[in-house]
Amino acid sequence: MTRDPEALLPSAEPVMLIDPSGVPTGLAEVPDDDTMLAAYGALVAARRLNDQAYALVRQGRLAVYPSSHGQEACQVAAAQVLGADDWLFPTYRDTVAAVTRGVDPVEVLVLLKGDWHSGYDPYRTKVGPQATPLATQLLHAVGVGYAAKLRGEPTVVMALCGDGATSEGDFHEALNFAAVFGVPVVFFVQNNEYAISVPLARQSVAPSLAHKGVGYGVPGERVDGNDVAALLAVLGGAVAKARAGEGPQLVEAHTYRMQAHTNADDATRYRQDDEVAAWVERDPLMRAEAYLRGRGVLGDDQVTAYAAEADRVAAHVREGLNRDVEPNPDDLFDFVYARRTPQLEEQAALVADELSREDAS
Amino acid sequence: MTHEKLTMAQALNRALRDAMAEDPTVLMFGEDVGPLGGVFRITDGLTAEFGEERCFDTPLAESGIVGLAVGMAMNGMRPVVEMQFDAFAYPAFEQVVSHVAKLRNRTRGAVTVPMVIRVPYAGGIGGVEHHCDSSESYYAHTPGLHVLAPANAADAYGLLREAIASPDPVVFLEPKKLYWSKEEVDLAAPVPGIGRAAVVREGTDATLIAYGPSVPTALEAAEVAAQDGRSLQVVDVRSIVPFDDATVCDAVRSTGRAVVVAEAVGFASVSSEIVARVTERCFHSLAAPIRRVTGFDIPFPPPKLEHFQLPGVDRILDAVDDLQWEDS
Ligand SMILES: Cc1ncc(C[n+]2csc(CCOP(=O)(O)OP(=O)(O)O)c2C)c(N)n1
Ligand SMILES: [Mg+2]
């Protein structure tokens with residue numbers, strides 16, 4: 001670990017390996033074709049999932065959906081650079097990251113469907129429960145990583161948050177704790193320019209969010225958040241350094257939230273259409289596709305095949321979300337403590353009594 | 001096991017030592033809990049005995065301490081954290097309310113966070129502002145937490161051991177003013193567990209219900225009352241959550257009169273909850289409305305005024321006198 005401030009500083013510009021038209025920048029080597037094709041497949045599925053979820057909100061099957069449309073490269077890369085024993089700590093916006101890591105999308109969307117607060121077993125895929133209280137999950141990531149470190153396990157933890165969340169106290173406490181205890185956590189900030197309606201300039205006037213690492217002795221790096229190749233390289237490098245004992249790493253991706261904060265938000269109240277339009281040509285999916293077509297490793301047939309696979313996942317999501325699960329009132333009381341307290345027994349009996357009288361009438 | 005003379009502070013220290021010796025996943029961390037042994041010396045000697053990986057100082061950030069503990073508990077550890085003082089636990093409130101208390105619920109039991117948040121709490125030691133808060137109601141109002149408050153060394157040992165072994169998170173409130181009171185304790189003797197109150201003095205005329213720092217005061221009041229010919233029963237709540245309705249209500253039914261004693265501000269408090277619960281359940285056994293002796297609804301006063309705020313023997317006996325004895 002270094003205390004040299006120079007060595008902690010991010011590069012002057014976000015790392016970009018493939019330019020928006022799909023041409024390699026030559027800055028560093030693009031990951032190999034298999035890796036890039038896997039990323040592309042995940043990107044196609046990711047976009048399809050975002051679109052599907054958005055449609056399900058309009059149909060009333062989901063209460064709300066914070067889409068990662070435009071941020072799919074961040075989502076995919078964050079999951080794909082991890083090994084099986086690593087952990088991922090996502091936020092409400094990171095449905096796609098959790099799915100890319102292997103969680104069933106129907107289970108992830110249980111939260112937004114309203115059946116329960118969380119629908120997957122975090123231990124099965126080593127994906128923490130999606131966190132809504134901003135930045136709080138970053139500390140859990142540090143705790144999971146520190147426990148693993150104390151046991152001598154090589155676990156690395158990928159902890160996600162947004163640009164707005166970097167203003168929360170827990171962001172700073174998490175970076176500092178991870179640094180002081182040398183915990184292998186990669187803090188990955190998806191800077192999508194907005195926290196609901198509030199632009200980045202109201203969160204911070206730091207040279208970049210990646211610079212915030214310097215104050216904690218944590219190396220920072222900035223990456224083009226719509227370039228999946230750069231993300232795989234930078235996040236992969238950060239994971240490798242963390243695993244090698246170099247302590248926590250901070251990565252900021254420059255990306256853009258193409259849609260409103262959620263479907264319930266009206267983005268026209270705080271940003272102009274031409275600002276959004278300028279990001280269309282930087283689309284992460286188009287960029288990866290143009291690159292792979294340019295390499296000659298992706299043709300129309302494969303594009304169709306990837307799209308078909310994405311459609312299959314979308315159909316699975318539709319089918320899962322259209323299935324109504326009868327809510328079980330016992331659930332209200334069963335997971336508060338390991339065993340119901342006498343008070344909860346009384347309250348559960350009250351509900352059971354209400355139901356039995358409803359049935360009788 | 002023979003009886004030993006121990007302070008509550010020593011009993012707590014022994015509980016931590018014994019738990020750490022028995023279970024390698026038990027960790028202790030917080031502010032100044034390492035080589036110093038904590039500002040109240042509750043963790044004295046633990047770093048020396050178990051090493052820096054088992055008992056360690058953290059950066060100064062309470063949300064960080066509790067959030068770290070959540071993650072460690074998610075990943076196989078049983079952390080015990082110390083909040084240096086009651087009022088300095090507030091930066092951790094979001095972690096406590098939104099995660100410690102809810103993770104089991106959110107994940108339908110898939111993720112549990114067995115951990116203990118130790119809080120030196122309440123007044124009576126002449127502490128300056130921010131060092132004397134009775135914060136139990138904040139925690140008791142949050143489903144998913146157990147909230148314990150021992151009033152003697154034996155319970156301090158027994159309840160802390162139980163708290164550490166519990167599959168659920170526990171907020172463990174340690175009455176600062178009782179840290180140094182010495183008692184004969186048999187650490188091997190089991191004490192009633194989480195969720196159990198105890199009748200700590202038998203009596204027939206009225207019941208004093210107290211917890212934590214107010215229990216010795218209630219016992220003293222009962223002693224004085226006895227000299228005046230009035231027999232007061234004293235119930236030590238011990239476990240604020242889960243609350244032992246059965247023991248408390250049986251006690252009140254046996255005397256027909258009750259006074260709840262608590263240091264905390266009375267408004268919207270554990271003491272008001274106790275009155276409500278007992279009244280709902282024991283109305284027909286009551287000869288008089290239940291009275292409360294609590295802190296006033298004011299920020300905890302400075303040391304030279306704190307005696308006005310703390311429930312004292314006289315105020316308790318005045319409340320007992322008010323229990324409509326003329327009707328009986
Ligand atoms: C502690 C806390 N305060 C406020 C909110 C409400 N809230 C939800 S998302 C959000 C914006 C977060 O912005 P950012 O961190 O940039 O993430 P993004 O939504 O852009 O992905 C706010 C204010 C919250 N969830 N948690
Ligand atoms: Mg944002």
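Reading the values: the criteria
- Residues numbered from 1 in each chain as written.
- Chains lettered and ligands numbered in written order.
- Predicted model: local features only at pLDDT ≥ 70, side-chain atom pairs only at ≥ 80, totals over all residues.
- Heavy atoms only, no water.
- Helix = DSSP H or I, 4+ residues; strand = E, 2+ residues; numbered from the N terminus.
- Rg over C-alpha atoms; globule rule 2.2 N^0.38 Å.
- Buried < 20%, exposed > 50% of the residue type's maximum accessible area, 1.4 Å probe, protein only.
- Contact = heavy atoms within 4.5 Å.
- Areas by Shrake-Rupley, 256 points an atom, 1.4 Å probe, with all protein chains shown as cover.
- Lys, Arg positive; Asp, Glu negative; His and termini not counted.
- Charge placed at Lys NZ, Arg CZ, Asp CG, Glu CD.
- Buried area = accessible area lost by both parts, 1.4 Å probe.
- Salt bridge = Lys/Arg side-chain N within 4 Å of Asp/Glu carboxyl O.
- Domains from an automatic or database assignment.
- Phe/Tyr/Trp six-rings, centres within 6.5 Å; stacked < 30°, edge-to-face > 60°.
- Lys NZ or Arg CZ within 6 Å of the ring centre and 35° of its normal.
- Donors = N, O, S within 2.8 Å, 3.2 Å for Na, K, Ca; no water.
- Near = heavy atom within 4 Å.
- Polar contact = N/O pair within 3.5 Å; in protein donor to acceptor, adjacent residues only side chain to side chain.
- Nonpolar A, V, L, I, M, F, W, Y, C, P; charged D, E, K, R; others polar.
- Pairing = 2+ DSSP bridges.
- Right-handed = clockwise from strand over helix to strand, strands pointing away.

Some words on the overall build of chain B
Then comes step 1: Per the secondary structure count, chain B includes twelve helices and 14 strands.
Then comes step 2: Against the 2.2 N^0.38 benchmark of 20 Å for 328 residues, chain B shows a C-alpha radius of gyration of 20 Å, consistent with a compact globule.
Then comes step 3: Summarising its shape, the C-alpha atoms of chain B cover approximately 65 × 45 × 40 Å along the three principal directions.
Then comes step 4: Within the span of chain B, comprising 328 residues, buried residues form 61% of the whole.
Then comes step 5: Residue pairs at least 24 apart in sequence account for 81% of intrachain contacts in chain B once pairs closer than 6 positions are excluded.
Then comes step 6: Only carbon and sulfur atoms are counted for the fraction: they give 53% of the accessible area of chain B, which is about 12000 Å².
Then comes step 7: Taken as two groups, the 27 positive and 45 negative side-chain charges of chain B have centres that lie 3 Å from each other.

Some words on the overall build of chain A
Then comes step 1: When you go through chain A residue by residue, the secondary structure sums to 15 helices and seven strands.
Then comes step 2: Its C-alpha atoms give chain A a radius of gyration of 21 Å, near enough to 21 Å, the size a compact globule of 361 residues would have.
Then comes step 3: Oriented by its inertia axes, the alpha-carbon framework of chain A measures out at about 75 × 50 × 40 Å.
Then comes step 4: Counting only contacts in chain A whose residues sit at least 6 apart along the sequence, the fraction spanning at least 24 positions is 74%.
Then comes step 5: Total accessible area computed for chain A in this model is approximately 15000 Å², and 52% of it derives from carbon and sulfur atoms.
Then comes step 6: Looking at charge distribution, chain A has the averaged site of its 30 positive side-chain charges lying 1 Å from that of its 52 negative ones.

Description of the interface of chain B and chain A
Then comes step 1: On the side of chain A, 38 residues touch chain B, which itself brings 45 residues to the contact.
Then comes step 2: When the two sides are added together, the surface that chain B and chain A hide from each other amounts to roughly 3500 Å², 61% of it contributed by carbon and sulfur.
Then comes step 3: A per-residue breakdown of the area chain B buries against chain A is headed by Met74, Arg106 and Arg108 of chain B, which together make up 20% of the total.
Then comes step 4: For the pair chain B and chain A, the number of links is two salt bridges.
Then comes step 5: Glu346 of chain A serves as the salt-bridge partner of Arg281 of chain B, at 3.1 Å between the closest nitrogen and oxygen.

Things to note about the domain arrangement of chain A
Then comes step 1: Each assigned domain of chain A is listed with its residue range as follows: domain 1 (5-325) and domain 2 (328-361).
Then comes step 2: Relative to domain 2 of chain A, the C-alpha centre of domain 1 of chain A lies at a distance of 40 Å.

Notes on the pattern of salt bridges
All names here are of chain B.
Then comes step 1: Tallied over the entire structure, the rule returns 38 salt bridges over all chains.
Then comes step 2: With a shortest N-O distance of 2.8 Å, Arg201 and Glu223 are connected by a salt bridge. One end of the pair, Arg201, is in strand β9 (residues 198-201); the other, Glu223, is in helix α8 (residues 214-227), with 22 residues separating them in the sequence.
Then comes step 3: Among the residues examined, Arg201 registers a relative accessible area of 22% and is labelled partly exposed.

Details of the packing of aromatic side chains
Then comes step 1: Under the criterion given, the structure shown has 20 aromatic pairs over all chains.
Then comes step 2: On the numbers, 6.1 Å between centres and 65° between planes, the contact of Phe177 of chain A with Phe181 of chain A is edge-to-face.
Then comes step 3: Classification of Phe177 of chain A by relative accessible area gives buried; the value is 0%.
Then comes step 4: With a relative accessible area of 11%, Phe181 of chain A lands in the buried category.
Then comes step 5: Relative to Tyr270 of chain A, the ring of Tyr194 of chain A lies with its centre 5.6 Å away and its plane at 50°, an arrangement referred to as tilted. Residue Tyr194 of chain A is found in strand β4 (residues 194-195), and its partner Tyr270 of chain A is found in the loop between β7 (249-254) and α11 (273-280); the two are separated by 76 residues along the sequence.
Then comes step 6: For Tyr270 of chain A, a relative accessible area of 19% puts it in the buried group.
Then comes step 7: One aromatic cluster is present, built from ring pairs that chain together Tyr146, Phe177 and Phe181 of chain A together with Phe29 and Phe56 of chain B.
Then comes step 8: Sitting over the face of the ring of Trp279 of chain A, Arg282 of chain A holds its NZ or CZ atom 4.3 Å from the ring centroid.
Then comes step 9: In this structure, Arg108 of chain B is placed above the aromatic ring of Trp116 of chain A, and the distance from its NZ or CZ to the ring centre is 5.1 Å.

Focus: the coordination of the magnesium ion (ligand 2)
Residues and elements named next belong to chain A.
Then comes step 1: Taken together, the protein donors to the magnesium ion (ligand 2) comprise Asp163 (OD), Asn192 (OD1) and Tyr194 (O), at separations of 2.0 to 2.1 Å.
Then comes step 2: In primary-sequence terms, the residues that donate to the magnesium ion (ligand 2) follow D-x28-N-x1-Y. Within this pair, whereas Asp163 is found in the loop between β2 (157-162) and α9 (169-180), its partner Asn192 is found in the loop between β3 (185-191) and β4, the two being separated by 29 residues in sequence.
Then comes step 3: What makes Asp163 buried here is its relative accessible area of 1%.
Then comes step 4: Asn192 sits in the buried class, given a relative accessible area of 4%.

As for the site of ligand 1
Residue and element names in this part refer to chain A.
Then comes step 1: Taken together, 16 residues surround ligand 1, and among them Tyr92, Arg93, Thr132, Asp163 and Gly164 come closest.
Then comes step 2: Residue Tyr194 places a main-chain N or O atom 2.8 Å away from an oxygen atom belonging to ligand 1.
Then comes step 3: Computed on the free molecule, ligand 1 has an accessible area of 580 Å², of which 75% lies beneath the protein chains in the complex.
Then comes step 4: Grouping the amino acids of the shell around ligand 1 by side-chain chemistry returns seven nonpolar, five polar and four charged.

Some words on helix α3 (residues 72-80) of chain A
Then comes step 1: Taken across its nine residues, α3 of chain A has eight buried, putting it largely inside the fold.
Then comes step 2: When we look at burial in α3 of chain A, the residues that qualify are Glu72, Ala73, Cys74, Gln75, Val76, Ala77, Ala78 and Ala79 of chain A.

Some remarks on the pairing of β3 of chain A
Remember that side chains alternate between the two faces of the sheet whenever the strand is regular.
Residue and element names in this part refer to chain A.
Then comes step 1: Within β3, seven of the seven residues are buried, which leaves it mostly tucked inside the rest of the structure.
Then comes step 2: Sheet topology note: the β2/β3 ladder contains six bridges and is parallel. When the bridges of β3 are listed, Met158 appears paired with Val186.
Then comes step 3: Of the crossover connections in this fold, the one passing from β2 over α9 to the parallel β3 is right-handed.
Then comes step 4: Of the strand pairs in this sheet, β3 and β7 are connected by six bridges, and their pairing is parallel.

Considerations on the environment of Pro59 of chain B
Then comes step 1: Positionally, Pro59 of chain B belongs in the loop between β3 (55-57) and α3 (62-74).
Then comes step 2: The spacing of Pro59 of chain B and Gly144 of chain B is 85 residues in sequence and 27 Å in space, taken between C-alpha atoms.
Then comes step 3: Each residue touching Pro59 of chain B, except ones within four places of it in the same chain, is listed here: Asn176, Phe177, Val180 and Phe181 of chain A together with Ile65 of chain B.

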